[in-house]
Amino acid sequence: MCCFFFGINLLEMKPVAECAEEVKRKFWPTYKVGVCVWPILQTINFFFIPEHNRVVYVSFCSLIWTSFLAYMKALEAKKKENELTNDNKIIHKGHIVSNVNAEPINQIEDKSKRLSVIR
């Protein structure tokens with residue numbers, strides 16, 4: 001996990017200090033999930049999976065685990081993106097004013113209702 005978070009940050013050309021900081025922030029939450037998940041998966045592997053299929057089963061579990069690691073990596077970036085989007089909007093007398101366009105709050109809510117009805 002440490003190598004994953006640190007290595008991906010290095011590939012994103014981030015400074016080593018920032019890479020180490022992200023490992024410190026994300027290691028324990030990710031480790032706790034791994035400690036809960038992997039013993040269960042391996043118990044299923046040894047008790048229920050036939051011997052000739054165990055490698056395939058663990059490979060599939062590893063694929064899911066790597067997807068989870070990628071999710072954990074992107075989680076904070078998504079939060080930062082949402083914060084930046086919210087910081088760029090200014091509420092002024094019932095209207096949301098952004099750099100691109102200005103629409104009343106009611107119109108924005110109506111559009112979201114229409115989208116949910118269409119889906």
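Below, the structure is looked at part by part. (Residues numbered from 1 in each chain as written. Predicted model: local features only at pLDDT ≥ 70, side-chain atom pairs only at ≥ 80, totals over all residues. Heavy atoms only, no water.)

## Quick look at the overall build of the chain
Now for step 1: The number of helices and strands found in the chain is four helices and three strands.
Now for step 2: Ordered by position in the sequence, the α and β elements of the chain form the string α-α-α-β-β-β-α.
Now for step 3: Within the span of the chain, comprising 119 residues, buried residues form 16% of the whole.
Now for step 4: Restricting the contact set of the chain to residue pairs at least 6 apart, pairs at least 24 apart contribute 45%.
Now for step 5: Total accessible area on the chain is roughly 9300 Å²; 66% of this is exposed by carbon and sulfur atoms. (Helix = DSSP H or I, 4+ residues; strand = E, 2+ residues; numbered from the N terminus. Buried < 20%, exposed > 50% of the residue type's maximum accessible area, 1.4 Å probe, protein only. Contact = heavy atoms within 4.5 Å. Areas by Shrake-Rupley, 256 points an atom, 1.4 Å probe, with all protein chains shown as cover.)

## Observations regarding unusual backbone geometry
Most of the time, phi is negative for any residue but glycine, and the peptide bond is trans.
Now for step 1: Non-glycine residue Met13 carries a positive phi angle of around 65°.
Now for step 2: Relative to the assigned elements, Met13 resides in the loop between α1 (2–11) and α2 (16–48).
Now for step 3: Overall, Met13 belongs to the exposed group, its relative accessible area being 73%.

## Re α2
Now for step 1: The largest bend along α2 measures about 40° and falls at Phe27, with the proline Pro29 one to four residues further on.
Now for step 2: Of the positions making up α2, those classed as buried are Cys19, Glu22, Val23, Lys26, Phe27, Thr30, Gly34, Leu41 and Asn45. (Bend = angle between axes of the 7 residues up to and from the residue.)

## Looking at the packing of aromatic side chains
Now for step 1: Scanning the entire structure with this criterion turns up seven aromatic pairs.
Now for step 2: Both rings, one in Trp65 and one in Phe68, keep their centres 5.3 Å apart while their planes meet at 35°; by these two values the pair is tilted. Here Trp65 pairs with Phe68, and both are found in helix α3 (residues 54–87), just three residues apart, close to one helical turn.
Now for step 3: A ring pair is formed by Phe68 and Tyr71, whose centres lie 6.5 Å apart and whose planes are at 35°; its orientation type is tilted. Taken together, the residues span about one helical turn, with Phe68 and Tyr71 both in helix α3 at a distance of three residues.
Now for step 4: Of the aromatic side chains, those joined through ring pairs into one cluster are Trp38, Trp65, Phe68 and Tyr71. (Phe/Tyr/Trp six-rings, centres within 6.5 Å; stacked < 30°, edge-to-face > 60°.)

## Focus: the nonpolar core
Buried together is how nonpolar side chains tend to be arranged in soluble globular proteins.
Now for step 1: In terms of nonpolar packing, the biggest core is built from five residues, these being Phe5, Val23, Trp65, Leu69 and Met72.
Now for step 2: Counting residues per element, this core draws most heavily on α3, which supplies three residues.
Now for step 3: With near-sequence residues (within four places) excluded, Val23 lies in contact with Cys2, Phe5 and Phe6. (Core = buried A, V, L, I, M, F, W, Y, C linked by side-chain atoms within 4.5 Å.)

## Here we look at the state of the cysteines
Now for step 1: In total, this model carries zero disulfides according to the counting rule given.
Now for step 2: As a non-bridged cysteine, Cys2 has Cys3 as the owner of its nearest cysteine sulfur, 6.8 Å distant. (Disulfide = S-S within 2.5 Å.)

## Side note on a nonpolar patch on the surface
Now for step 1: Taken together, the side chains of Ile40, Ile44, Phe47 and Phe48 make up a nonpolar region of the molecular surface, amounting to roughly 480 Å² of accessible area.
Now for step 2: Structurally, the position occupied by Ile40 is in helix α2. (Patch = residues over 30% accessible without salt bridge, like charges linked within 9 Å, V, L, I, M, F, W, Y side chains within 5 Å. Salt bridge = Lys/Arg side-chain N within 4 Å of Asp/Glu carboxyl O.)

Coordinates in, geometry out; function isn't part of it.
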